[in-house]
Amino acid sequence: MKGGRTLTFRYHTSDKLTNLQAQSLVSKLTYSLEGISACYLDGENQDIVIHANDDSNRSQIEDTVLLLMEQERTIRTLKSRVIRNVSTNDDNYKSPFPGASYHPDWSFASDGSVRRDFAVMLYQSIDGILSNLAMERHAKYRKYPSMIPLKTLDKCGYVTTFPQNIYLVSEIPHQSDILQKIKKTGDVESNLRQSQYALSPAVCFHCYEELAGQTLEHPVILTALGTCYRHEATWRLGNQRLNEFSMREVVLIGTPDFVESERNWWVDCIWKLFGDLGLTGRIETANDPFYFSDDAAKAQHQQMANMKYELVVEVDGGTQTFSIASFNNIREALCKPFRITDAADKPLHSGCIAFGIDRWVFSLLKKYGEDPGKWQPHIAEMMRFS
Ligand code: AMP
Ligand code: ZN
């Protein structure tokens, strides 16, 4: 941070917004303001608290908060419904593994820059378990590039719906005078152009492109591990929130019944795995992080129609929670634009199960520590490193 001191701004919301609306406003503000280092809801009085790096952005921050607050007032924000739950705070919950050691910058660098030794083994173990489950379900393996054509994302409506998250790829034109100019001046920035690609924010979009235009007589399950990229506010990055992370997805395409029953199989199976690993948390209804108030109805629809469930883990005795997997049934939403149809030429249904592998590793390290020799033998055996 250059010179200056951090300033704290507070905005009352309790007279205007419900608590759910205030939470939703905070998540939008994190993507709406530059030059800040924190934005959160004060649990006691429902004030929005913002730490600004200096005074230069004060009026912009103020205008943005007031504008988004007015928009949020008009939106009915729905509460998530919990469909599975085992809490660290349950009276009958006793951690079988007390006193795990955790050194934040040892095997799992908190800024995401490197994973070492045991943490690397854990990535392989977790992903091995998930990809074996996918194989049991007769999934076909895939590997896709990190870059994805903008054309593909356009068909998904991704960039206009989630502009806050996209990383675009720029390139330098293959043009001699421009290359010479860069060599001479070192000025890259003013000689760039946008390429036809973005960094992929999820794995499943590649699957739709691969199957585009096909008529499928049987259901298809594809699985791939990929690196995904999402533009997150710099001040929020660290530990479980990264702008580059590993995701395994299992993508389901078939009849409405197939997609829903297969998704439910994964909910049950992963909930059991989660419990067997001794992790605590819940599965609840969720919605994607729609930024624009015009898209509020989509978020409500996702919640009400159970289109998205998230597996939320508790770490540090429940003081930190975050989603480690999502179970999505998006119905015709993507098979339609990609023209993936049944024999009667009707768009099929689809869904995906998405696992944030870094977050599974982080949660396990937080819970059991970094010394595999101290892990409970049955957990070590499940992870196949005993
Ligand atoms: P989503 O496609 O938003 O449902 O995300 C699928 C999974 O990816 C989430 O459940 C997380 O485990 C993981 N994930 C999403 N965003 C991030 C992030 N910024 N850093 C690390 N993992 C993430
Ligand atoms: Zn997906």
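Residues numbered from 1 in each chain as written. Chains lettered and ligands numbered in written order. Predicted model: local features only at pLDDT ≥ 70, side-chain atom pairs only at ≥ 80, totals over all residues. Heavy atoms only, no water.

It is worth spelling out the site of ligand 1 at this point. Around ligand 1 lies a shell of 15 residues, among which Arg230, Leu242, Lys308, Ser323 and Ser326 are the nearest. In the model, a nitrogen atom of ligand 1 is placed 3.0 Å from a nitrogen or oxygen of the Glu232 side chain. In this structure, Ile324 approaches ligand 1 through a main-chain N or O atom, which is 3.3 Å from an oxygen atom. If ligand 1 stood free it would expose 480 Å²; the protein chains cover 90% of that surface. Broken down by secondary-structure element, the contributors of at least two residues to the shell around ligand 1 are strand S10 (244-254), strand S13 (320-331) and strand S14 (349-356). Residue contributions to the shell around ligand 1 peak at four residues, all from S13. The class makeup of the residues in the shell around ligand 1 is six nonpolar, four polar and five charged. (Near = heavy atom within 4 Å. Polar contact = N/O pair within 3.5 Å; in protein donor to acceptor, adjacent residues only side chain to side chain. Areas by Shrake-Rupley, 256 points an atom, 1.4 Å probe, with all protein chains shown as cover. Helix = DSSP H or I, 4+ residues; strand = E, 2+ residues; numbered from the N terminus. Nonpolar A, V, L, I, M, F, W, Y, C, P; charged D, E, K, R; others polar.)

An order of S6-S8-S7 is seen for the three strands of this open sheet, with the pairing classed as antiparallel. Each edge of the sheet is formed by a strand with only one pairing partner; in this case those strands are strand S6 (147-149) and strand S7 (167-171). Strand-to-strand twist across the sheet, computed as the mean angle between neighbouring axes with direction ignored, equals 55°. (Pairing = 2+ DSSP bridges. Axes fitted to C-alpha atoms, helices over the stretch in contact; angles between N-to-C directions.)

Our focus in this paragraph is the UniProt feature "domain: Aminoacyl-transfer RNA synthetases class-II family profile" (unreviewed entry) in the chain. Using the residue numbers shown here, the UniProt feature "domain: Aminoacyl-transfer RNA synthetases class-II family profile" (unreviewed entry) corresponds to residues 145-377. A distance of 37 Å separates the end C-alpha atoms of residues 145-377, which is 31% helix and 30% strand. (UniProt positions renumbered as here; feature names shortened; annotations may be inferred.)

This brings us to the packing of helix H3 (residues 117-136) against helix H8 (residues 256-276). A packed helix pair is summarised by two numbers, namely the angle formed by the two axes and the spacing between the axes. At a minimum axis separation of 12 Å, H3 and H8 run at an interaxial angle of 145°. In this structure, H3 crosses over H8, and the sense of that crossing is right-handed. Along the contact surface, H3 presents Ile129, Leu130, Leu133, Ala134 and Glu136, while H8 presents Trp265, Trp266, Cys269, Ile270 and Leu273. Each residue belonging to the contact of H3 with H8 can be placed in one class, and the counts come to nine nonpolar, no polar and one charged. (Left-handed = near helix turned anticlockwise from the far one by under 90°. Contact = heavy atoms within 4.5 Å.)

As for its placement among the helices and strands, Leu25 is situated in helix H1 (residues 19-29). Separated by 23 residues in sequence, Leu25 and Ile48 place their C-alpha atoms 8.9 Å apart. Excluding its chain neighbours within four sequence positions, the residues that come into contact with Leu25 are Leu17, Ile48, Leu68, Met69 and Glu72.

Of note in the backbone geometry, Asp316 takes a positive phi value of approximately 50° without being a glycine. Within the fold, Asp316 resides in the loop between strand S12 (308-315) and S13. Looking at Asp316, the relative accessible area reads 40%, which means it is partly exposed. Despite not being glycine, Arg339 has its phi angle at roughly 50°, a positive value. (Buried < 20%, exposed > 50% of the residue type's maximum accessible area, 1.4 Å probe, protein only.)

Attention shifts here to the pattern of salt bridges. A side chain of one charge can pair with a side chain of the opposite charge if their charged atoms are brought near each other. In total, this model carries 20 salt bridges according to the counting rule given. Residue Glu171 is joined to Arg193 by a salt bridge in which the shortest nitrogen-to-oxygen separation is 2.9 Å. With Glu171 in strand S7 and Arg193 in strand S8 (residues 193-199), the pair connects residues that are 22 residues apart, well separated along the chain. With relative accessibility at 30%, the residue Glu171 sits in the partly exposed group. Using a relative accessible area of 42% as the deciding quantity, one classes Arg193 as partly exposed. In this structure, Arg263 engages Glu260 in a salt bridge whose closest nitrogen and oxygen atoms are separated by 3.1 Å. Of the two residues, Arg263 and Glu260 are both situated in helix H8; the distance of three residues between them amounts to about one turn of the helix. Exposure remark for Glu260: the relative accessible area of 26% places this residue in the partly exposed category. Several salt bridges converge on common partners, so that one network encompasses Arg10, Asp42 and Asp47. (Salt bridge = Lys/Arg side-chain N within 4 Å of Asp/Glu carboxyl O.)

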